[in-house]
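Commentary on secondary and tertiary structure
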Amino acid sequence: MTSRTGRPRWWVAGLSLCVVAALVVVVVVVLRDDTYRVEPGATPGERPSAQPALAASALHTLEHAVESGDGSALEALAPDEASRTLLADVVANSRDLDVEDFSMRYVDEVGAVAADGSWQAAVDLTWAFGGFDSFPAATEVVVGFAPVADTVGITSFGDPSGSRRSPVWLGQRVHVVRGKGLLVLAAESRRVARTYADRLRAAYPAVRAVLSRWRPSVVVEVPASATDLDAALGSAPGSYDAVAAVTTTVDGSQDEQAPVHVFVNPDVSRRLRSEGAQIVMTHEVVHVATDAALSPMPLWLLEGFADYVALLTVRLPLSVTAARIAGQVRRDGPPDRLPGAEEFDPSADGLEAVYESAWLACLVLSQQIGQDGLEKVYRAADAGIAVADALGEAGISQQRLVRLWRDRLQDLAS
């Protein structure tokens, strides 16, 4: 599955630190049903305020740690052990992933400053994975800050509202497998990372059998859960519950230079049998190989072609590979038209049947005009040519394709 919406698709834990010096009178003030302790030197009755300058300095220190691979300077920025572990993990991840073009710029506060002086802020973030991303991703993330000694420390990365993206590698220690033409990062374990690396290696020959000019270079990100996938993509909770994987720009932008990665839903993928999981990975690799993330072509052709390549060498009967659409046709009859964008919405009912129907349309088309003809139609549509015109150039009308496709669906359901 590929995503072109760029729709905003984790949690943030605020940590507190209260410093009370000797002989300082503790003043408790009631304000809007909230209580807080006045910091040393603060005027009684005043609430704590954000400290953007100190926060910007903390971000600069983190930038230097990532660039140098040395996280020792971050010790002073950690209010507690959890923060210390988080910051150390970010630096370790950046080394394993060869993070480049890393920058963080303080933008503005997000929400109110807590009674203990901690707060969250929007931060402009850029980063790239060396050797794979030709240009950096650029997005806005939420960072947690808190007073520590005489400065400000960093406590968290991630947006609890889900409106901003939360990069997987910033949230926890990830396990990385790097190989020729592949980079996999997995939150759960190194075993999971190796599994997906193996699936990528198995996918490459199948994809290059059709797309021979493509040179493999794929990044796969495997969050810990479907919830974490939504956070990584800045999506509303549950947006991708029914999807095994999605290929999209890392920052959700429509910029043609934005890095494109494969994001896996582990909750769905772990329920698949090995053959099904391999088909999913090969499908996503097709999207990467054809720069499909921002393609203007109709989704039936985009998704159907990816499944066509992924299933080309799979020896399974149509009763298995088209079982859901066949059952739907038995109940409701064949569709009147090829599936559109609404049917491909990740939250739509019967999503698997929609994918099967799109695959069958491409299968029927290849049987009429050949595999080379199917690829030419795909390339033309990717270049912005209307599918009806591309089909006409290939010697078949869209009306005839739909008629043959409906006949095939009816035969399957019989």
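To be clear, the structure that these remarks concern was listed above.
Summarised in this report is the structure supplied together with it. All of these numbers come straight from a predicted model, not from anything done at the bench. (Residues numbered from 1 in each chain as written. Predicted model: local features only at pLDDT ≥ 70, side-chain atom pairs only at ≥ 80, totals over all residues. Heavy atoms only, no water.)

Here the focus is the pairing of strand β9 (residues 218-222). Among the five residues in β9, five count as buried, and that is most of the element. The side-chain alternation of β9 yields two buried faces, one formed by V218, V220 and V222 and the other by V219 and E221. Bridge count for strand β8 (residues 182-186) against β9 is five bridges, and the pairing is parallel. Paired with L183 across the bridge in β9 is V219. In this fold, β8 hands off to helix α4 (residues 190-208), which returns the chain to β9; that crossover is left-handed. (Buried < 20%, exposed > 50% of the residue type's maximum accessible area, 1.4 Å probe, protein only. Helix = DSSP H or I, 4+ residues; strand = E, 2+ residues; numbered from the N terminus. Pairing = 2+ DSSP bridges. Right-handed = clockwise from strand over helix to strand, strands pointing away.)

Looking now at helix α12 (residues 387-394). Residues of α12 that are buried: V387, A390 and L391. The arc that holds every buried residue of α12, seen down its axis, measures 100°, which confines them to one face. Facing away from the buried side of α12 by over 90 degrees, the exposed positions are D389 and E393. In the core, the buried residues of α12 are packed alongside α8 (299-311), α11 (351-382) and α13 (398-413). At the C-terminal side of α12, G395 shows a positive phi close to 95°. (Arc of directions from axis to C-beta. Contact = heavy atoms within 4.5 Å.)

Strand order in this open sheet of five strands is β7-β8-β9-β11-β10, and the pairing throughout is mixed. The sheet is open, and its two borders are formed by β7 (175-179) and β10 (245-249), each paired with just one other strand. Along the sheet, successive strands turn relative to each other by an average axial angle of 20°, direction set aside. Sheet contacts for α4: β7, β8, β9 and β11 (260-264); angle to β8, the most-contacted strand, approximately 150°. On top of the sheet, helix α7 (residues 274-289) reaches β9, β10 and β11; it is set at about 15° to β10, its chief contact. (Axes fitted to C-alpha atoms, helices over the stretch in contact; angles between N-to-C directions.)

What follows deals with the environment of P147. In this fold, P147 is placed in strand β5 (residues 137-148). Once the C-alpha coordinates of P147 and Q51 are considered, the two residues, 96 residues apart in sequence, prove to be 8.9 Å apart.

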